[in-house]
Amino acid sequence: MNTDGKIHKSGFIDSNKVSSKHEPPEPCRTLPKPTPAEALELKIKLPWEDKVRRMRPADLTKELFLQLDEYGLTRTEIMNLFHCYANAFFPQLKQWGIPPAAPGGKKKSLRSGNFEPVAPAEKPPMDLSRSYHDTAPGKARAARLAKGPEEEIDKAIRTEKEIDAELERIDKRLAELGCKPEPTQAAATDQDEDGLNYQDRHNLRIHVPTQTELEDVFRPDDEGQIDLGGWLEFQGGISRFQSLGNRLSVSQDFYVGKDVEHIRDWAFCAIMVKPDGQQVALKKTDSGAMVNKKARCVKITCKAAIERIHALVGGPAQYVVETDRPDLVIFRLCQEAKKASA
């Protein structure tokens, strides 16, 4: 109470009127970070950012540098740890007789052994509470699949019944008019050896081979297998235009006449040359010599094959088609053209 008779609050705490649990707060104590030398003794795991105290350049000695280097710190990390600049740090290392760092950085055995392990990132667990079938699109699709086949079958049965009824009505009307069915209509109801008639085959989409197809299937293989073993093969190269009919002209390039149909549909081919030069084959491939379509011929460039043929037959020559297949065309040397050119 002051002299004016009023009671004023004061910052003074009376120990008799304060609870025993009340204690004045203690001052905050923060432990200093260890120095690099102390961190080596404590074997603090790398990296040392925000863990070790940064020092002055004068605190770095040769012995301390070698210890830090052996522990796994890079030279950039040591330079930053001691507030050093590159124009003074590296000349100091040279003065100490320390060789430059090996290419590829610090050895993994030195660094990884003292490096703080990184916990592997965990993948979030898969949510199995809901699946696609629980969503609205999944339920709608399931409903369509459940009733779709039945609707298609019902529709097909109704269509077939309607067709049968229409055919029966037509047959009845024809009978009233005294008309006989044509042979083709009667044949449509006749059954073959397998118990199927024309209508059954049409409904089942069974193709009946024609006579031409049967002759092609059962035609004896007169051509047989062509053995190109031992032939020289070329896949194209760097290397103008002259060709007639179905011949192959070999001059500065290969020129195939427009009458050779299959080669015009190719994109690439391999050039096969018989060792005696009497035959040349062009085989369809996925890569190799490029087939260039011209207006009157096909141009194929392969310098190596041209030089080889010229060496075998004595210069430019023409070949005539001997075997023509979709993936292989064989030419034989045209002796008449060779004599004319000579």
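Residues numbered from 1 in each chain as written. Predicted model: local features only at pLDDT ≥ 70, side-chain atom pairs only at ≥ 80, totals over all residues. Heavy atoms only, no water.

## Examining the confidence of the model for the protein chain
Next, step 1: For the protein chain, mean pLDDT is 75; residues scoring 70 or higher make up 65% of the total.
Next, step 2: Taken together, the stretch residues 183-188 has pLDDT below 50 and engages in three contacts with residues farther than four places along the chain or on a different chain.
Next, step 3: Across residues 238-244 the pLDDT falls below 50, and counting only partners more than four positions away or on other chains, this stretch makes 22 contacts in the model. (pLDDT = per-residue confidence, 0-100. Contact = heavy atoms within 4.5 Å.)

## Considering helix 2 (residues 62-71)
Next, step 1: Residues Leu-64, Phe-65, Leu-68, Asp-69 and Tyr-71 constitute the buried set of helix 2. Take helix 2 and look down its axis: the buried residues cluster within an arc of 160 degrees, on one side only. Residues Glu-63 and Glu-70 are exposed on helix 2 and point more than 90 degrees away from its buried face. (Buried < 20%, exposed > 50% of the residue type's maximum accessible area, 1.4 Å probe, protein only. Helix = DSSP H or I, 4+ residues; strand = E, 2+ residues; numbered from the N terminus. Arc of directions from axis to C-beta.)

## Here's the deal with the environment of Lys-294
Next, step 1: Take Lys-294: it is sitting in the loop between strand 6 (289-293) and strand 7 (297-300).
Next, step 2: You can call Lys-294 partly exposed: its relative accessible area is 41%.
Next, step 3: Note: C-alpha distance between Lys-294 and Val-256 (38 residues apart in sequence) is 9.7 Å.
Next, step 4: Setting aside chain neighbours within four positions, we find Lys-294 in contact with Arg-264 and Lys-299.

## Some thoughts on the side chain of Gln-279
Next, step 1: Structurally, Gln-279 is set in strand 5 (residues 279-285).
Next, step 2: Gln-279 gets classed as buried once you look at its relative accessible area, which sits at 15%.
Next, step 3: Engagement of the side chain of Gln-279 in a polar contact is seen with the side chain of Glu-322, the distance being 2.5 Å.
Next, step 4: Excluding anything up to four places from it in sequence, Gln-279 contacts Trp-231, Met-272, Val-273, Lys-274, Tyr-319, Glu-322, Ile-330, Phe-331 and Arg-332. (Polar contact = N/O pair within 3.5 Å; in protein donor to acceptor, adjacent residues only side chain to side chain.)

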